[in-house]
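Survey of secondary and tertiary structure
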Amino acid sequence: MYDPQISFEDATAPVVPDAVAQAQAHIDKELEALVRRMGDLRSQRNTLSRISSLPPELLAAVFVQYARQSFSETHQPSYYNPKIAKQLMWTKVTHVCRHWRQVALSCPALWTFLVFTSSPWLKEMLVRSKMAPLVIDVDLARIQSDVEDAVAMALEHSTRVRDLRLVAPKGVMEGLFAPLTAPAPLLESFTVSNKPGTINFALPTTLFGGEAPRLRKIELFKCDIAWPAPLLVDLVHLDINYLDAGSRPTMKQLLSSLGRMPALHTLLLEDALPPVPLAASVSSTVGSDPQVALSALTRLHLGGSVLECADLLRRLSYPSGIALSLKCKAPTTLGVDFSCLFPFISGVRCGTDDSSSPSVEAATFRSVVICGGHRSALIRCSTSDTSSVFNWPSSDKDHWARGAHLALDISWQTPCKLGPISSICRVLPLSNVQTIYVDRHTELPEAFWLDGLSGARGLRSLFLTGSDVSGLVKALARDGPEAYNGLTGTTQTETIFAPALTALELEDVEFDETHDVVMGFRGAKPTDLRDALIVRANQGVDLQKLGMSNCRHVFEEDVDLLEEVVVDFKWDGIERYDGDSDDEGEDDEDMYYGDGLYGAYDSDEGGSLHLGW
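Since the model is a prediction, treat every value here as computed from it, not as a measurement.

What follows covers the overall build of the protein. Along the backbone of the protein there are 17 helices and 24 strands. Sorting the 613 residues of the protein into buried and exposed places 47% on the buried side. Considering only contacts within the protein whose residues lie at least 6 apart along the sequence, 69% involve residues at least 24 apart. A total accessible area of about 29,800 Å² is found for the protein, and carbon and sulfur atoms account for 53% of it.

A rise of 1.5 Å per residue sets the reference length of helix 15 (residues 526-538), with its 13 residues, at 18 Å; its end C-alpha atoms lie 19 Å apart and thus fit the reference within 8%. Within helix 15 the residues assigned to the buried category are Pro526, Asp528, Leu529, Ala532, Leu533, Val535 and Arg536. Directly after helix 15, the chain includes Gly540, whose backbone phi takes a positive value near 80 degrees.

Following the criterion strictly, the structure yields 16 salt bridges and no others. Here Asp311 makes a salt bridge to Arg315, at a shortest N to O gap of 3.2 Å. Neither residue differs from the other here; Asp311 and Arg315 are each classed as buried. Where salt bridges share partners, they join Asp311, Arg314 and Arg315 into one cluster.

The next point concerns the state of the cysteines. Per the counting criterion, the structure on display carries zero disulfides. Not engaged in a disulfide, the cysteine Cys309 finds its nearest cysteine sulfur in Cys328; these two sulfurs lie 4.0 Å apart. Residue class for Cys309 comes out buried when judged on its relative accessible area of 0%.

Another aspect to go through is the nonpolar core. Phe190, Leu341, Trp449 and Leu529 are the most contacted members of the largest nonpolar core, which totals 151 residues. Here this core takes six residues from helix 3 (residues 56-73), the largest share from any one element. Other than its neighbours up to four places away in sequence, Phe190 contacts Leu164, Phe177, Leu203, Leu207, Phe208, Leu215, Lys217, Ile218, Glu219 and Leu220. Judged by nonpolar contacts, the second largest core, of five residues, contains Val369, Cys371, Tyr437 and Phe463.

Attention now goes to the packing of helix 15 against helix 16 (residues 556-563). Where helix 15 contacts helix 16, the two axes come as close as 10 Å, and the packing angle between them is 5 degrees. Taken together, helix 15 and helix 16 sit at an angle that is classed as roughly parallel. For the pair formed by helix 15 and helix 16, the contact residues are Pro526, Thr527, Leu529 and Arg530 on the first element and Asp558, Leu561 and Leu562 on the second. Of the residues assigned to the contact of helix 15 with helix 16, the class counts are four nonpolar, one polar and two charged.

All right, on to the packing of aromatic side chains then. Under the criterion given, the structure shown has nine aromatic pairs. Ring geometry for Phe448 versus Trp449: centroids 5.2 Å apart, planes at 75 degrees, classification edge-to-face. For Phe448, a relative accessible area of 0% gives the class buried. One cation-aromatic arrangement involves Arg128 over Trp111; the distance from NZ or CZ to the ring centre is 4.6 Å.

Relative to the elements of secondary structure, Leu255 occurs in helix 9 (residues 251-259). Once the C-alpha coordinates of Leu255 and Ala293 are considered, the two residues, 38 residues apart in sequence, prove to be 9.9 Å apart. Sequence-distant contacts of Leu255, that is, excluding residues within four places in its chain, are made with Pro290, Val292, Leu312, Arg315 and Leu316.

What follows concerns the confidence of the model for the protein. Scored by pLDDT, the protein has a mean of 78; 73% of the residues are at 70 or more. For the protein, strand 24 (residues 609-610) is the element with the lowest average pLDDT, namely 30, and strand 5 (residues 217-221) is the one with the highest, namely 96. Across residues 77-82, confidence stays below pLDDT 50; counting only partners more than four residues off in sequence or on other chains, it has nine contacts. pLDDT under 50 marks residues 483-493. Its contacts with residues more than four places away, or in other chains, come to 23 contacts.

For Thr117, the position within the fold is in the loop between helix 5 (98-105) and helix 6 (119-128). Remark: the alpha-carbon pair of Thr117 and Asp146, spanning 29 residues in sequence, is separated by 9.0 Å.

What follows is about the pairing of strand 17 (residues 461-465). The buried fraction of strand 17 amounts to five of the five residues, a majority that puts the element mostly inside the structure. Residue alternation in strand 17 divides its side chains into two sets, Ser461, Phe463 and Thr465 and Leu462 and Leu464, and both sets are buried. As judged from the four bridges shared by strand 16 (residues 435-438) and strand 17, these two strands associate in the parallel manner. Bridge assignment links Tyr437 to a residue of strand 17, and that residue is Phe463. Direction of pairing for strand 17 relative to strand 18 (residues 503-507): parallel, over a ladder of five bridges. What sits directly across from Leu462, in strand 18, is Leu504.

About the thresholds
- Residues numbered from 1 in each chain as written.
- Predicted model: local features only at pLDDT ≥ 70, side-chain atom pairs only at ≥ 80, totals over all residues.
- Heavy atoms only, no water.
- Helix = DSSP H or I, 4+ residues; strand = E, 2+ residues; numbered from the N terminus.
- Buried < 20%, exposed > 50% of the residue type's maximum accessible area, 1.4 Å probe, protein only.
- Contact = heavy atoms within 4.5 Å.
- Areas by Shrake-Rupley, 256 points an atom, 1.4 Å probe, with all protein chains shown as cover.
- Expected span 1.5 Å × (residues − 1).
- Salt bridge = Lys/Arg side-chain N within 4 Å of Asp/Glu carboxyl O.
- Disulfide = S-S within 2.5 Å.
- Core = buried A, V, L, I, M, F, W, Y, C linked by side-chain atoms within 4.5 Å.
- Axes fitted to C-alpha atoms, helices over the stretch in contact; angles between N-to-C directions.
- Parallel < 35°, antiparallel > 145°, perpendicular 65-115°, else oblique.
- Nonpolar A, V, L, I, M, F, W, Y, C, P; charged D, E, K, R; others polar.
- Phe/Tyr/Trp six-rings, centres within 6.5 Å; stacked < 30°, edge-to-face > 60°.
- Lys NZ or Arg CZ within 6 Å of the ring centre and 35° of its normal.
- pLDDT = per-residue confidence, 0-100.
- Pairing = 2+ DSSP bridges.

Listed below in structure tokens is the structure:
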């Protein structure tokens, strides 16, 4: 503050050192007073803003929602190398103004989304959260090992943990879970994921002392649990994946555990079903054995052998409006009758629990995917009627939860031959299928289309990628009901194949007129496809859409001819010959059946091919 008694000459006159220090201290105090005064004025000005009229409780709720959103974004599976700057970005709300900081620091719930990339921050959050329920979500498979100590520090407060999600190797989890013997009175969600391709981790029998009264959600991946486990009670969500063969429950143990979950709405069991010998015969008659009523169930996913899935399905009672997904692994012999699953499939209704309602229709397959290779094959059916079929099937086993009421996945690991694929397709209920997607490495001759897919009379869209097209062209060219000896020796009496077909998409297929003397094979030319489409047009079943991309031996003169018979024709405009490709090198089957779109091959899982949703 200005003092008129001190003149300019006085301030610049020679003084002793003590006097200088006193003058500087006096000025510093004046500056501090000015800063405080300016802060007070800014606070008074902020109180006049509209946002300052919000009650502190409402403002704190906004902060909590912002923190929760930021926490979720930095814990997505696609989020790599999490940094403390991003995980704590929401803390900027504490530096906006004095009022906001006071509200934030006085809201314990705001500090419950723990951050483990900084021990000082973790300690501070544990203090600021006071006794509020904590959220622990950490992936120790991606974060450095020094974070383990921070996680152990947080788990010392297990009595007030509400949500616990931990991804870690077996050895790390053994050290973290061993001390957790005290009850968890606030725990609601418990998710533990072991590292894929490693030995299963066994949850301690003393975990939480067997007491977690509020626990409603359990998700386990490669983590064995004792049966019957005291934690498996009153759940609404149960997801168990990949149990060791010796840790799978018996049917009696599983049904007993499910009987203690009357409010269960989501049940996902993959490679965790009670074992059934291959030589066993499973009845498809519902009610032949005691059943467990799951009246609240809305989502059911079972993954295992055909017999294991059928054996459990016939022992469960659930609403007809359920979303049902079956991921069945067939033995190499394929000596299994898949029809034992059909009574359960036919009982699913679209979007309601009232199966007696006249407006309710049975859920029927509308999409089919066929993938075949030298070592494995896959047939996948779904009630999803999506037009973006090239984005499906996804690697997410919850695909059916995004619009599909029913999904059936049949996979087997054996040299791919036409017989097994055709025999399975022939018994599947395909009358309402509208879209079929045939993936690469599948050679399907005319016999397959006319015999295996003879039931797909409602087929509208057909997508072929990397597959043999000559068999399809021959099937499309059939113009009469003459007798045809198919794979099973039956007689083909239909006038024309797929009479409802209006759209055909060909990608990465090869047209050729060469002959294979040994196999008696003659490739198809683009003119053969044109002739086949003319035959169909004469039968009144015109093809409305035709697409070609990355197809070899298709030239401009061929395109001109095809445009004359197809209204909507699209071509990528590139003429390709043998060996031409947009990608470097040859296609490798492992590229598609390794760790890519269709799942991962894990040699530690008994040599089975895991084809994900």
